[in-house]
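Working through the structure, step by step
Here are the chains, one letter per residue:
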Amino acid sequence: MLIDLSKIGMNKGQQYETIITTMDKNQNTNAAPFGLRVLDNDKIVLRIFEGGNTIKNIKENGEFVVNITTEPLMFTFATTNTITEEYLTRISKTKTHDELVYLTNADAYFICKVENIKTSFREDDPIKASKINIIKAVVLEINVKNKCVKPINRGIHALMESLVNYSRINIVNKEKEDYFIDRFLESERIIKKVGNKEEKESIKILKENLKKQGYEL
Ligand SMILES: Cc1cc2nc3c(=O)[nH]c(=O)nc-3n(C[C@H](O)[C@H](O)[C@H](O)COP(=O)(O)O)c2cc1C
């Protein structure tokens, strides 16, 4: 079967927030949220700071599963390290991959094999100097469980917050106004980094309108 991430709404050049499930050598499971960027229909890149379980397991096994879900609690449990076995399904070893694990109620999941890992050092403010692993992986298999699957992108959420604040900026006091401007600039940063074409165009329109109203940004 042709592997094509765009069939699950993941387009080339875009970043999406996902939950990655892995296993260690002793078949202990792990789940944690990570952003990924789509390089091609069947290729992705991850940037993972050194020190966590996911990167350790990926280095050990060379394989991992990317889960697509929009469920807030799954992201919260994954972030607070409380995804227990009851939320996970194990997949047996096959000719193409080893024993793996996926998030049972994910809308879709796909199995990845590491192509290469390069390390880099991130030292830019506000991140403290840290080693980062840049992992390029090829997608071996996509499983769609909900045909309306739509991966999370931070751009639309940042834009919605900006739109709401924009609609209120004329009716708040100076302190709140400054807060909204700071939030706007942070949302603009996120959208420039991970947003799609329409989100970038939208934040530009909002900025022009705020400037026309005399706000300094
Ligand atoms: C939505 C979201 C996206 C994240 N993306 C990344 C990422 O791209 N790279 C990274 O190193 N950490 C990222 N994190 C932080 C990791 O999930 C976090 O460090 C986690 O504790 C790692 O868990 P682990 O030790 O089980 O691997 C993200 C967190 C969230 C909530």
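In the nomenclature of an unreviewed UniProt entry, the protein chain is known as DUF447 family protein of Methanobrevibacter olleyae.

**A look at helix α3 (residues 154–168)**
A rise of 1.5 Å per residue sets the reference length of α3, with its 15 residues, at 21 Å; its end C-alpha atoms lie 22 Å apart and thus fit the reference within 8%. Listed in full, the buried residues belonging to α3 are Gly155, Ala158, Leu159, Ser162 and Asn165. Across the axial projection of α3, the buried residues extend over an arc of 130°, all falling on one side. Here the buried face of α3 lies against α4 (174–194) and α5 (197–212). Sitting at the head of α3, Asn153 places a side-chain oxygen 2.6 Å from the backbone nitrogen of Gly155.

**Here's the deal with the nonpolar core**
The nonpolar side chains of a soluble globular protein tend to be buried, and buried together. Ranked by internal contacts, the top residues of the largest apolar core, which has 26 residues, are Ile44, Leu46 and Phe110. Listed by contribution, the elements that provide at least two residues to this core are β1 (15–23), β2 (29–40), β3 (43–49), α1 (53–61), β4 (63–68), β7 (108–122) and β8 (130–144). Setting aside its immediate chain neighbours within four residues, Leu46 contacts Ile20, Phe34, Gly35, Leu36, Ile58, Phe64, Asn133, Ile134 and Ile135. Counting 13 residues, the second-largest nonpolar core is a separate cluster that includes Ala158, Ile181, Ile191 and Val194.

**Digging into the site of the ligand**
Residues in contact with the ligand amount to 13 residues; listed here are only the nearest, Asn30, Pro33, Arg47, Asn53 and Thr54. A distance of 2.6 Å separates an oxygen atom of the ligand from a polar atom in the backbone of Pro33. In the environment of the ligand, an oxygen atom lies 2.6 Å from a nitrogen or oxygen atom belonging to the side chain of Thr54. Burial of the ligand by the protein amounts to 65% of the accessible area it has alone, namely 650 Å². Applying the majority rule of atoms within 2 Å of the grid points places the ligand in the largest pocket. Listed by contribution, the elements that provide at least two residues to the shell around the ligand are β2, β3 and α1. Per-element tally for the shell around the ligand: the top contributor is β2, with five residues. Considered class by class, the residues forming the shell around the ligand number five nonpolar, six polar and two charged.

The rules we used
Residues numbered from 1 in each chain as written. Predicted model: local features only at pLDDT ≥ 70, side-chain atom pairs only at ≥ 80, totals over all residues. Heavy atoms only, no water. Helix = DSSP H or I, 4+ residues; strand = E, 2+ residues; numbered from the N terminus. Expected span 1.5 Å × (residues − 1). Buried < 20%, exposed > 50% of the residue type's maximum accessible area, 1.4 Å probe, protein only. Arc of directions from axis to C-beta. Contact = heavy atoms within 4.5 Å. Polar contact = N/O pair within 3.5 Å; in protein donor to acceptor, adjacent residues only side chain to side chain. Core = buried A, V, L, I, M, F, W, Y, C linked by side-chain atoms within 4.5 Å. Near = heavy atom within 4 Å. Areas by Shrake-Rupley, 256 points an atom, 1.4 Å probe, with all protein chains shown as cover. 1 Å grid on protein atoms, 1.4 Å probe; cavity = no way out; pocket = protein on both sides within 12 Å on 5 of 7 lines; lining within 4 Å. Sits in = over half its atoms within 2 Å of the grid points. Nonpolar A, V, L, I, M, F, W, Y, C, P; charged D, E, K, R; others polar.

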